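# A closer look at the structure
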Amino acid sequence: MNSRIQHYIDLIIVLTQKEMKVRYKSSFFGYLWSIGHPLAFAFVFFIAFKIVMKIQMEAYALFLIAGLFPWQWFSNSINVSPMVFLGNASLIKKVNFPRNIIPFTIVLQDMIHFILSIPVIVLFLFIYHKSPSFSWLYGIPLLLIIQLLMTYGFSLMVSSVNLFFRDLERLTNIFTTLFFYFTPIIYPETMIPEKYKSFINLNPLSPLMISWRSLFLNGTLEPIPLVISFTYGVVAFMFGYLIYKRLSWRFAEVL
Amino acid sequence: MSEPVIIFDNVSKSYPLYHHITGGIKNFLLHLPKAVSSIKNSRFEALCNISFEVYKGETLGIIGRNGAGKSTTLGLIAGVLKPNKGRIIVKGRISPLLELGGGFHPELTGRENIMLNGVLLGLTRAGVKKKMNMIIEFSEIGDFVDQPIRTYSSGMLARLGFSVVSSLDPEILLIDEILAVGDMEFQKKCLDKMMGFKKSGVTMVFVSHSMEDVKMICDRAMWIENHSIRMAGTPKDVVLNYSG
């Protein structure tokens, strides 16, 4: 039994290493891209909303970055999810190993990139004369776990179902874009009109992204969004795992 | 012969034909009742009531035309497919031999791929590290081992793949049409290695189109045609009937 767990861990390590290595293998700037991408987005939104539309907010650049970095983790993982089983068809058809490890390593790998990008957030805090707070020590691990659970859950759903319903590939991209604008990332939740405010917690990503931002900007963790996002995380994980379990024995048939 | 380690008991396997939906939503909705019933009823019969046993230490060769159900049989043994009917019992650690480059990533170096493949096939990281030099030596690819494998020739890929498998310590080895690649010398080396496995008591299931290899390696052969067993017996007899 013990050697089995050891093998699981080794599988996760090896597959994550592979993803990390492959991702930037033949690009010159390598890891910098995982920062460059959200930074470029932040730049675009900064021009559109701060300079052109003149949103009334202080430190808007910092605000954008604190929300875009964790979002980037979620959307990167979900957008590649439809392909993770398809891309490993030859393995799935031959080797009997726990297939859910593949999407897990994808999410893990994006999480590592997110962690590596936190220093950029710190840099921006300093630019705006703020500083990191001690609450990060427990806040970051806590939110990391919640987002890992939630992203892994959604990733399992998308990657499993896509084998049987290939249209999901296109839908996934549309949905992540839609949810990006439904989630208070480029705008604060306080700007949402009163009559729509009650909808905000129907979006599983909202309480999580709000928590990240308040942790990064103010060093605070509000209990209500924290509890809601944790609940969403657990539900997404359980639901995703259930779907995966129902479908996984047929993976080798349809690939 | 000792106890059986692979038992197929009246096994049937059929695949639903999913392509009926891929005609598009318009077609699907226009012919809804017909489409639904065709999804329900159209199944592709890959294996039909197959029963056989493989004994410990035995080498079984499976021959037959393309699409006869040979790879499905291997998939069922490996446990990646489930039978629709019947019972399959497999006792022991299974090592599948991957097809050319399967499970390799073209951007990674030979060394990194050995690690990846070794762990996927059931070794621990420490185990692969210990065997790394042996594997590289067996593969004879020399300095190329630190190059990304997209630069490899197909023969080199086959060597690398087989070298990883040769370092495993399997109880049951599944081989699907692998010896066809690589140069003569390496093919001979692979055959030697397989003979070595055989001597040390590894059970092997060997799918091949090379009748020479089947005659040379296998203790018993099975001919699958039209999704059921046409004939089973000594490799010589089965090959003779199959070829004639």
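Residues numbered from 1 in each chain as written. Chains lettered and ligands numbered in written order. Predicted model: local features only at pLDDT ≥ 70, side-chain atom pairs only at ≥ 80, totals over all residues.

## Description of the sheet that holds strand S3 (residues 59–63) of chain B
Residues and elements named next belong to chain B. Reading across the sheet, the 6 strands line up as S5-S6-S7-S3-S8-S9 and stay open at both edges, with mixed pairing between neighbours. Looking at which strands have only one partner, the edges of the open sheet turn out to be strand S5 (94–97) and strand S9 (228–233). Between one strand and the next, the sheet's axes are offset by a mean angle of 15°, whatever the strand orientation. For S3 and strand S7 (residues 203–207), the ladder comprises 4 bridges, and the chain directions are parallel. Bridge pairing in S7 places leucine 60 opposite valine 205. (Pairing = 2+ DSSP bridges. Helix = DSSP H or I, 4+ residues; strand = E, 2+ residues; numbered from the N terminus. Axes fitted to C-alpha atoms, helices over the stretch in contact; angles between N-to-C directions.)

## Considering the environment of B:Val5
You can see B:Val5 is positioned in strand S1 (residues 4–16). Sequence separation of B:Val5 and B:Ile89 is 84 residues, and the distance between their C-alpha atoms is 7.5 Å.

## Quick word on the domain arrangement of chain B
Assigned domains of chain B: these are domain 1 (1–93 + 170–244) and domain 2 (99–169). The centre of domain 1 of chain B, based on its C-alpha atoms, is set 25 Å off from the matching centre of domain 2 of chain B. (Domains from an automatic or database assignment.)

## What about the interface of chain A and chain B?
Many authors give the size of an interface as the accessible area that is lost as the parts come together. Contact with chain A, which involves 23 residues of that partner, is made by 24 residues of chain B. Among the secondary structure elements, those contributing two or more residues to the side of chain A that touches chain B are helix H1 (2–23), helix H4 (89–94) and helix H10 (251–254) of chain A. The element that contributes the greatest number of residues to the side of chain A that touches chain B is H1(A), accounting for 9 residues. (Contact = placed C-beta atoms within 7 Å.)

## Quick look at the environment of A:Val14
Relative to the assigned elements, A:Val14 resides in helix H1. Sequence separation between A:Val14 and A:Thr220 is 206 residues, and the spatial gap between their C-alpha atoms is 36 Å. Sequence-distant contacts of A:Val14, defined by excluding residues within four places in its chain, comprise B:Met115, B:Leu116, B:Val119 and B:Arg125.

## With respect to unusual backbone geometry
All names here are of chain B. Of note in this structure, asparagine 10 is not a glycine but carries a positive phi near 50°. Of note, asparagine 10 is situated in strand S1. For asparagine 10, a count of 12 C-beta atoms within 10 Å corresponds to the exposed category. Of note, the phi angle at asparagine 49 is positive, near 50°, even though the residue is not glycine. Mapped onto the elements, asparagine 49 comes out in strand S2 (residues 43–55). Classification of asparagine 49 by C-beta neighbours within 10 Å gives partly exposed; the count is 14. (Buried ≥ 20, exposed ≤ 12 C-beta atoms within 10 Å, placed from the backbone.)

## Observations regarding the sheet that holds S1(B)
Residues and elements named next belong to chain B. The antiparallel open sheet is built from 3 strands, whose spatial order is S2-S1-S4. The open sheet has two edge strands, S2 and strand S4 (85–90), and neither has a second partner. Sheet twist, expressed as the mean angle between neighbouring strand axes with direction ignored, is 20°. Inspection of the sheet shows S1 paired to S2 by 9 bridges, in the antiparallel sense. Looking across to S2, one finds that phenylalanine 8 is bridged to phenylalanine 52. Along the sheet, helix H3 (residues 70–78) contacts S1, S2 and S4; its crossing angle with S1, the most-contacted strand, is approximately 120°.

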